[in-house]
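Single-letter residue listing:
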Amino acid sequence: MEELLWAVIREDEGGNRYRVGRYGTREEAERVARRFDDGADDRRYVVERVDQRRAS
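What counts, and at which threshold
- Residues numbered from 1 in each chain as written.
- Predicted model: local features only at pLDDT ≥ 70, side-chain atom pairs only at ≥ 80, totals over all residues.
- Heavy atoms only, no water.
- Helix = DSSP H or I, 4+ residues; strand = E, 2+ residues; numbered from the N terminus.
- Contact = heavy atoms within 4.5 Å.
- Polar contact = N/O pair within 3.5 Å; in protein donor to acceptor, adjacent residues only side chain to side chain.
- Salt bridge = Lys/Arg side-chain N within 4 Å of Asp/Glu carboxyl O.
- Buried < 20%, exposed > 50% of the residue type's maximum accessible area, 1.4 Å probe, protein only.

Caption draft 1: Up close: the environment of tyrosine 45. Relative to the assigned elements, tyrosine 45 resides in strand E3 (residues 45-49). A sequence separation of 10 residues divides tyrosine 45 from arginine 35, and the C-alpha atoms of the two residues are 9.5 Å apart. Residues contacting tyrosine 45, with those up to four places away along its chain left out, are Val8, Ile9, Arg10, Val20, Ala33, Phe36 and Asp37. Here the side chain of tyrosine 45 touches arginine 10 through a polar contact of 3.4 Å, side chain to side chain.

Caption draft 2: Geometry of the pattern of salt bridges. One pass over the structure, following the stated rule, counts 4 salt bridges. Notably, a salt bridge pairs arginine 17 with glutamate 11, separated by 2.5 Å at the nearest N-O pair. According to the relative accessible area criterion, arginine 17 is partly exposed, its value standing at 41%. The class for glutamate 11 is partly exposed, based on a relative accessible area of 27%. Arginine 44 is the partner of glutamate 13 in a salt bridge, and the nearest nitrogen-oxygen pair spans 3.3 Å. Placement of the pair is glutamate 13 in the loop between strand E1 (6-11) and strand E2 (17-23) and arginine 44 in the loop between helix H1 (26-37) and E3, with a sequence separation of 31 residues.

Given below as structure tokens:
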């Protein structure tokens, strides 16, 4: 089973953060984040590595 070590996080204008999904590679997560951003000037989706100790 592949470990999903990369998360796409949506940040709203109020500073709230929501996990959109987890992915096996950083490249895959970056592709998803770019697709969601849809060319917006202010990036609302970020990619972060998941801390396995806290995610369990």
